[in-house]
Amino acid sequence: MSNKPLWNPSTELIDNSHITQFIYEVNQEFDLSIKKYSELHAWSISNIDHFWEKILSFSNIVYEGEFDQAIDDKSKMPGAEWFKGIKLNYAENLLKKNNKNPAIIFKSENGYKTILSWKDLNFNVAQISEWMKLNGINKGDRVAAYLPNLPETVIAYISTSTLGAIWSSCSPDFGTAGVIDRFSQISPKILFIGDKYFYNGKKINILERLPEIINKVPSIKKIVVVPYPGTEIEKKNIRIETYDWNKLIISKKKNKIQYVMSNFNDPLTILYSSGTTGKPKCICHGIGGVLLQHNKELQIHSDVKENDRVFYFTTCGWMMWNWLVGSLSAGATILLFD
């Protein structure tokens, strides 16, 4: 077996990478002479405060206020508080751009393709977040989604975070029992649900599962039906009052996004364990922690830069979907394939 690497980055690629720039700035700021990755890693784990403060500034996270230290007590796990004193909004950090360049490129297995510009994304988030606010969603409320990997799912996620509300999602390949096991634990007020999805050429109805979900998760007061892109909405035999996503988006009123500021450690999303040992366990992820960790992985490790295109094959029932959406914080375009 050959030990020859399949690929090596060129000198030009290395010299222009984010990690090379990061090492340069660390050396300048802390009077060091780090030359390679292993040295940077060793410094990062022996200088936790300085490392994470540098990630915060290097990845251009938007926040207000001041902090005295990155972490209050390194001996607490869990329980340590990060960057006490600053406030931020997740959505504001993803919507730094508002131009006509592509923010989201979507393609489904049935061949339908659509592109949303940054301007489109900002507009749609403004419309959906305003509707949620008018329908009683406040900071700390939970919003659930039972959707395929669509641009609408990204819009609903970002819209939820503008309000300081907490997002949680399952993909349609989760059966009704799996959805109920998860959402019944978090008491969501609003449910975004798709009407259908496609798998291996077969159309699969999602809406027919709605009555059972509503019966078992009584906290849900408002339901928004999202039609599968490129198709007409299907509500056959569903006698539950719902809202049509398309009608919420085409509102003539052009709303302005109003970002609700939160503490660094406030919750952003609720994800779940696999459910192999009883019911899935809720795992809450903080706003600042998600931004900081995703920016580190995407910008430093993966060298994602503005106008790059990022693809990860995932559903919105897996944490890699949240990671993919986080690429917007770098000004990159995300590719969604359902």
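Heads up: the structure comes first, above all this text.
This text gives an overview of the structure that appears in the document. (Residues numbered from 1 in each chain as written. Predicted model: local features only at pLDDT ≥ 70, side-chain atom pairs only at ≥ 80, totals over all residues. Heavy atoms only, no water.)

A short note on the sheet that holds strand β16 (residues 333-337)
Adjacent strands of a sheet pair through backbone hydrogen bonds, lying either parallel or antiparallel. Put simply, the test is: Two strands pair if DSSP finds at least two bridges between them. Here a strand is any run of E in DSSP of at least two residues, a helix any run of H or I of at least four, and the numbering for each starts at the N terminus. Interaxial angles span 0 to 180 degrees and are taken between N-to-C directions of axes, which are lines fitted to C-alpha atoms, for helices over the stretch in contact. Whether two residues are in contact is decided by their heavy atoms: any pair within 4.5 Å suffices.
Across the sheet, 4 strands lie side by side as β4-β3-β16-β15; this open sheet has mixed pairing. Two strands lie at the open edges of the sheet, namely β4 (113-117) and β15 (309-311), each paired on one side alone. Across the sheet, the mean angle separating the axes of adjacent strands is 20° when strand polarity is ignored. Both β15 and β16 contribute to a ladder of 3 bridges, which runs parallel. Paired with Arg-309 across the two strands is Thr-333, which belongs to β16. Along the sheet, helix α6 (residues 118-134) contacts β3 (102-107) and β4; its crossing angle with β4, the most-contacted strand, is approximately 80°.

A few points about helix α8 (residues 176-183)
Going by this rule: The cut-offs for exposure are 20% and 50% of the maximum accessible area for each residue type, with area from a 1.4 Å probe on protein chains only; residues under the lower value are buried, those over the upper are exposed, and the others partly exposed.
Most of α8 is tucked away, with 6 of its 8 residues classed as buried. Buried within α8 are the following residues: Thr-176, Gly-178, Val-179, Ile-180, Arg-182 and Phe-183. Buried positions along α8 lie against β5 (142-146), β6 (166-170), β7 (190-194), α9 (210-216) and β13 (267-272).

So, the packing of helix α4 (residues 48-58) against helix α11 (residues 287-301)
Worth spelling out the cut-off: By definition in this entry, angles of less than 35 degrees are roughly parallel, angles greater than 145 are roughly antiparallel, angles of 65 to 115 are roughly perpendicular, and the rest are oblique. In this classification, the charged set is Asp, Glu, Lys and Arg, the nonpolar set is Ala, Val, Leu, Ile, Met, Phe, Trp, Tyr, Cys and Pro, and all remaining amino acids, among them Gly, are polar.
Running from N to C, α4 and α11 point in directions that differ by 75°, and their axes come no closer than 10 Å. As judged from the angle between their axes, α4 and α11 are roughly perpendicular. Together, Phe-51, Trp-52, Ile-55, Leu-56 and Phe-58 of α4 and Leu-292, Gln-293, Lys-296 and Ile-300 of α11 make up the contact between the two elements. Residues that form the contact of α4 with α11 fall into these classes: 7 nonpolar, 1 polar and 1 charged.

Here's the deal with unusual backbone geometry
The step from Met-77 to Pro-78 runs through a cis peptide bond, and the omega angle for that step is 0°. Tracing the chain through its elements places Pro-78 in the loop between β1 (64-65) and β2 (86-88). Phi at Asn-60 is positive, roughly 55°, even though this residue is not glycine. Its place among the elements puts Asn-60 in the loop between α4 and β1. Residues other than glycine seldom take positive phi values, yet Asp-303 does so here, at roughly 60°. Summarising the element assignment, Asp-303 is placed in the loop between α11 and β15.

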